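An overview of the molecular structure
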Amino acid sequence: MKEAKSITNCVIRVAKGCKGTAIDHLIKKMPNLIRGQKGYVLPLSLVTLAVGALVLVPFLQYVYTGIKSSEISKDLTLERYSAEAGIQDAISRLKVNMDGFTDSLTPDNPTASYSITVNGVEIFITVKIPETPEEPELDLPVQAGPHLHVGKKVSKSWIEPNVVNTLTYTIETTNYGTCTLHLGEIGDILPFPFQYVSGSSSGMTTADPTITWDNMQQVLTWSFTGDDRPTLYSGETGTQTFQANVIAGAGIYYNKASIKDDPEQAGEVSTGPTAAVAAGVYEIEAKTKCTVSQATAAIDSTEATILSWRNE
């Protein structure tokens, strides 16, 4: 019975979390203990139970964690698909102007919200006209030598697609050098299908520009010679304003302006793509309990183009 007591003590230590040498000792002694000895059934059973508990409990926890993770992943996937369905629902409403939904969105009333349920998941949807980015204040300290800067503004950054819109563009030219400069040329490239409005020029000149075409785009050029050249003194800004008409499909349209002095000292200066006009462009957000989908789309009655899409 001394051996039995020893085994029982080892079982107690195992049950209390003892690992290593106690179990190794029991395993080595089991063949001799079992032969012709009595009273070992209970201790042996306790050893088996203790060892099984040490192995089985972590295993069951692992299995349970795996099941819960699978369920969470399944729920998140369902919510993500539901949120994406919310984006598609908003696009469909905008495209067909469901119950006047598209007409309700204007620059003066730029946001609309509603909710739907898909696959048992409630989705909260917000549609809005993009905000016009604020123009940074121009800070051009006067620098030695001839220096020109050109910028461009447009009266509307968002328009309704497939209807006649008239836009006013303003080209601003600043002399931030120490030299007096004379402008020899002002140029502007209108995106297709924008077209110049005859007689709309004002500012440094009221004359209509010369109009040529490049890849279906109107290229406007105001040329100056002799005493007709606009003069810009150091620190002075001159403006040239004109209008353009357009019936534009959904999309984003950029403009490009340029200037050149005469005689050439500062050289030709360009804005690059600027003065963006968005026609039928909307920002859409669909939220569920755990996920968010966001998209920007150009939409009219004939087509919808996804410009960007993000899931969170």
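Residues numbered from 1 in each chain as written. Predicted model: local features only at pLDDT ≥ 70, side-chain atom pairs only at ≥ 80, totals over all residues. Heavy atoms only, no water.

**Some remarks on the confidence of the model for the chain**
Considering every residue of the chain, the mean pLDDT works out to 83; 74% of them sit at 70 or more. The secondary-structure element of the chain with the lowest mean pLDDT is helix α1 (residues 2–15), recorded at 49, while strand β7 (residues 195–196) shows the highest, at 98. (pLDDT = per-residue confidence, 0-100. Helix = DSSP H or I, 4+ residues; strand = E, 2+ residues; numbered from the N terminus.)

**Notes on the pairing of strand β18 (residues 304–311)**
The pairing of strand β17 (residues 292–299) with β18 spans 7 bridges and is classified as antiparallel. If you follow Thr 296 over to β18, its bridge partner there is Ser 308. Linking β17 to β18, which pair antiparallel, is a turn of 4 residues. (Pairing = 2+ DSSP bridges.)

**Overview of the pattern of salt bridges**
Applying the stated criterion across every chain yields a total of 7 salt bridges. Residues Arg 93 and Asp 89 are paired through a salt bridge, measuring 2.8 Å at the closest nitrogen-oxygen approach. Highlighted residues: Arg 93 and Asp 89, both in helix α3 (residues 41–96), separated by 4 residues, approximately one helical turn. Here Asp 89 falls in the partly exposed class, since its relative accessible area comes to 22%. Two residues, Lys 287 and Glu 285, come together in a salt bridge whose shortest N-O distance is 4.0 Å. Among the residues examined, Lys 287 registers a relative accessible area of 40% and is labelled partly exposed. (Salt bridge = Lys/Arg side-chain N within 4 Å of Asp/Glu carboxyl O. Buried < 20%, exposed > 50% of the residue type's maximum accessible area, 1.4 Å probe, protein only.)

**Quick word on unusual backbone geometry**
A cis geometry characterises the amide bond from Phe 192 onward to Pro 193, with omega recorded as 10°. In this structure, Pro 193 sits in the loop between β6 (181–189) and β7. Here the bond from Asp 262 into Pro 263 is cis, since omega is 0°, no more than 30 degrees from zero. Inspection of the secondary structure puts Pro 263 in the loop between β13 (251–261) and β14 (269–270). Non-glycine residue Asn 215 carries a positive phi angle of around 55°. Looking at the element boundaries, Asn 215 is found in the loop between β9 (210–214) and β10 (217–223). Given the relative accessible area of 67%, Asn 215 is considered exposed. We note that Met 216 has phi near 70°; this positive angle belongs to a residue other than glycine. Within the element layout of this structure, Met 216 appears in the loop between β9 and β10. On the basis of relative accessibility, which here comes to 52%, the residue Met 216 falls in the exposed class.

**Regarding the pairing of strand β3 (residues 148–154)**
For β3, the tally of buried residues reaches 5 of 7 residues, placing the bulk of the element in the interior. The pairing of β3 with strand β5 (residues 164–175) spans 7 bridges and is classified as antiparallel. Residue pairing for β5: Val 154 is matched across the bridge by Tyr 169.

**Points about the packing of aromatic side chains**
Enumeration according to the criterion identifies 6 aromatic pairs in this entry. Ring centres of Trp 158 and Tyr 282 lie 5.8 Å apart, and the angle between their planes is 70°; this geometry places the pair in the edge-to-face category. Taken together, the positions of Trp 158 in strand β4 (residues 158–159) and Tyr 282 in strand β16 (residues 281–287) put the pair 124 residues apart, joining distant regions of the chain. Look at Tyr 169 and Phe 242: their rings are 5.6 Å apart centre to centre, the planes differ by 25°, and that puts the pair in the stacked class. You can see Tyr 169 sitting in strand β5 and its partner Phe 242 sitting in strand β12 (residues 237–247), a full 73 residues away along the chain. Like Tyr 169, the residue Phe 242 is buried in the burial classification. Members of the aromatic cluster, each reached through a chain of ring pairs, are Tyr 169, Tyr 196, Trp 222 and Phe 242. For Arg 93, the ring lying beneath its charged end belongs to Tyr 114, and the centroid distance is 4.0 Å. (Phe/Tyr/Trp six-rings, centres within 6.5 Å; stacked < 30°, edge-to-face > 60°. Lys NZ or Arg CZ within 6 Å of the ring centre and 35° of its normal.)

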